[in-house]
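Inside the fold
Chain residues, written in single-letter form:
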Amino acid sequence: MGPESSLILSLLCWAAGEVAAYPPWDFSWGDPASREARADSNTWSWVGDSPSPGTYRQHPVTVQCQEAQLVVTVHRDLFGTGRLVSAADLTLGPAACKHSSLSRAHNTVTFTAGLHECGSTVQITPNSLIYRTLLNYDPSPASNPVIIRTNPAIIPIECHYPRRENVSSNAIRPTWAPFSSTLSAEEKLVFSLRLMNDDWSAERPFTGFQLGDVLNIQAEVGTESHVPLRLFVDSCVAALSPGTDSSPHYTIIDFNGCLVDGRLDDTSSAFITPRPREDMLRFRIDVFRFAGDTRNLIYITCHLKVTPADQTPDPLNKACSFNKARNTWAPVEGTRDICSCCEMGNCGSPALSRSLNPLERWPSHRFRRHDTKEAEADVVIGPVLLSMEPGAGGRQQEGGQGESPLDVPL
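Per an unreviewed UniProt entry, the protein is named Zona pellucida sperm-binding protein 3, and its organism is Lepidothrix coronata. Quoted verbatim from the Sequence similarities (unreviewed entry) heading of the UniProt record, the comment on the protein is "Belongs to the ZP domain family. ZPC subfamily." The Function (unreviewed entry) comment attached to the protein in UniProt states, word for word, "Component of the zona pellucida, an extracellular matrix surrounding oocytes which mediates sperm binding, induction of the acrosome reaction and prevents post-fertilization polyspermy. The zona pellucida is composed of 3 to 4 glycoproteins, ZP1, ZP2, ZP3, and ZP4. ZP3 is essential for sperm binding and zona matrix formation."

Next up, the structure:
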């Protein structure tokens, strides 16, 4: 490993921690001068250990989270070695968007993209909207194909926005109803997926996972009304991008709530029982990666839905894990017979049964809000970044029972 590869790992972890701790953007709109002052304070930077004498000492990556877009500025001396990277080797997001401008005088590359562009994902928490994307560095092949002089790199980027404020730069007309009142009247549901720490007490960064680790995922629904609801995770699929037509992909939950990943001999994936609340559901997944993926990341897209809390769970509304000790499926709540269809791979009538590839059924967008008449949503969590540090647990599985070859911990 060259000096760039060891440096990028330390910088990557630092960046994720710094972004997660950064305060949200202030949407208290005022005069242009005050907005400009606040824009300066909303810039975060990506930088590693103190460089050696003679190397680039400024922040190699800076990000500005603006009202409807983000601006990423990258210094071409990305690793602080004095060797400039090619602008063509830098892209933004899973969609690999190209840079919008290049300054040869300052050796910087700038990306400007809307918050929903370039394959970014959005996570909704009780207080924030969190937009996530990646800055990708994929070096072109060397002139001599026998040697490699530098490694690829991924830099996670986040922008945090408050949920509880009206977001608009225009004056509100006196005849308009307040935005928050409109939401309350429509009884909007907000579905979310969150990556949690080991004791489920707080969220954790999306970086630094190794094979052998476990992903603790918490699904939740929030509503302005007080109608008791029970949340279910209908299906979950892992892929290399948040798109719905991505290949390869791997099914984690299928057949209306069967955690099929836990059926494999070398995993311990399962729903957590009992639930903390009816409107919350937790499950654990053993970390894996897609074989041959040099970026070492995954996105997980889940279809969430709710039913009235007093509705009895059934084969179409359930949360079932496979119990290896008893060699049977068990529900988080309800009778065991509602899980029997998990083994057959069909938990509904022919008109309601799901195809073996859930991605083909889902709408093209990755997240949407619904009212109580349409109590379901597709939510993306990711990118989850895996560390390639020496000694990472697990070994490569030959073949596999999913739709694609995976590296699965044993």
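1. A look at the overall build of the protein
Looking only at helices and strands, one finds four helices and 21 strands in the protein. When each of the 410 residues of the protein is scored for burial, the buried share is 49%. By sequence separation, contacts in the protein at least 24 residues apart represent 66% of the contacts at least 6 residues apart. For the protein, the accessible area works out to roughly 19,600 Å², and carbon and sulfur atoms hold 51% of it.

2. A short note on the sheet that holds strand β10 (residues 189-196)
The four strands are arranged β10-β11-β15-β14 in an open sheet whose pairing can be described as antiparallel. Each edge of the open sheet carries a strand with a single partner, namely β10 and β14 (270-271). Here β10 pairs with strand β11 (residues 214-223) via eight bridges, running antiparallel. Looking at β11, one finds that Phe 191 is bridged to Val 221.

3. A word on the sheet that holds strand β12 (residues 229-239)
Spatially, the four strands line up as an open sheet ordered β13-β12-β17-β20, and their pairing is antiparallel. If you trace the sheet from one side to the other, it starts and ends with β13 (249-253) and β20 (376-385), each paired once. The sheet shows a mean angle of 25° between the axes of neighbouring strands, taken without regard to direction. Pairing between β12 and β13: four bridges, direction antiparallel. Bridge pairing in β13 places Cys 236 opposite Ile 253.

4. Remarks on the confidence of the model for the protein
Looking at the protein as a whole, the pLDDT averages 74, with 66% of positions reaching at least 70. Contacts from residues 390-405, a stretch scored under 50 in pLDDT, to residues over four places away or in other chains number 29 contacts.

5. Considerations on the pairing of β20
In terms of burial, β20 is largely enclosed, as nine of its ten residues are buried. Relative to β20, strand β17 (residues 297-308) runs antiparallel, the two being bridged by eight bridges. Its bridge partner being in β20, Leu 304 is matched across the sheet by Ala 377.

6. Description of the environment of Val 122
Relative to the helices and strands, Val 122 resides in strand β7 (residues 121-124). Take Val 122: its relative accessible area is 14%, and that puts it in the buried class. Once the C-alpha coordinates of Val 122 and Val 379 are considered, the two residues, 257 residues apart in sequence, prove to be 8.3 Å apart.

7. Some thoughts on the pattern of salt bridges
Counted under the stated rule, the structure contains ten salt bridges. Residues Glu 343 and Arg 263 are paired through a salt bridge, measuring 2.9 Å at the closest nitrogen-oxygen approach. Of this pair, Glu 343 sits in helix α4 (residues 340-344) while Arg 263 sits in the loop between β13 and β14, and the two are 80 residues apart along the sequence. A relative accessible area of 46% means that Glu 343 is categorised as partly exposed. Judged by relative accessible area, which is 30%, Arg 263 ranks as partly exposed. Overlapping salt bridges, with partners in common, bring together Arg 194, Glu 203, Glu 220, Arg 277 and Asp 279 in one network.

8. Here's the deal with the state of the cysteines
This model, assessed by the stated rule, comprises six disulfides. Residue Cys 65 pairs covalently with Cys 159 via a disulfide, S to S 2.1 Å. Disulfide Cys 65 to Cys 159: torsion about the S-S bond roughly -85°, handedness left-handed. Placement of the pair is Cys 65 in strand β2 (residues 61-65) and Cys 159 in strand β9 (residues 153-162), with a sequence separation of 94 residues. Here Cys 65 falls in the buried class, since its relative accessible area comes to 5%. Exposure remark for Cys 159: the relative accessible area of 0% places this residue in the buried category. Disulfide partner of Cys 97: Cys 118, at an S-S distance of 2.2 Å. Torsion about the S-S bond of the Cys 97 and Cys 118 cystine: about -115°, corresponding to left-handed handedness. Here Cys 97, found in the loop between β4 (90-92) and β5 (101-103), pairs with Cys 118, found in the loop between β6 (108-114) and β7; they are 21 residues apart in sequence, far enough to count as distant. Sequence-ordered numbering of the bonded cysteines in the protein gives a pairing of 1-4, 2-3, 5-7, 6-11, 8-9, 10-12.

Basis of the calculations
Per chain, residues are indexed from 1 in the order of the written sequence. A pLDDT threshold of at least 70 governs which residues receive local features in this predicted model, and a stricter bar of 80 or more applies before side-chain atom pairs are shown or counted, although totals over entire chains, interfaces and linings include all residues. With hydrogens and water set aside, each side-chain value is computed from the structure's full complement of heavy atoms. UniProt positions are given in the numbering used here, feature names are shortened, and annotations may be inferred rather than shown by experiment. Strands are runs of DSSP state E lasting at least 2 residues, helices are runs of H or I lasting at least 4, and numbering of each runs from the N terminus. Working definition: with a 1.4 Å probe on protein chains only, accessible area under 20% of the residue-type maximum means buried, over 50% means exposed, and in between means partly exposed. Contacts: residue pairs with any heavy atoms within 4.5 Å of one another. In this description, accessible areas are obtained by the Shrake-Rupley approach with a 1.4 Å probe, and a residue is regarded as covered only by the protein chains that are shown. For two strands to count as paired, DSSP must find a minimum of two bridges between them. All axes here are fitted lines through C-alpha atoms, helices being fitted over the stretch that makes contact, and every angle between N-to-C directions spans 0 to 180 degrees. Predictor confidence is given residue by residue as pLDDT, running from a minimum of 0 to a maximum of 100. Salt bridges are defined as contacts in which a side-chain nitrogen from Lys or Arg sits within 4 Å of a carboxyl oxygen from Asp or Glu. Criterion for a disulfide: a pair of cysteine sulfur atoms within 2.5 Å.

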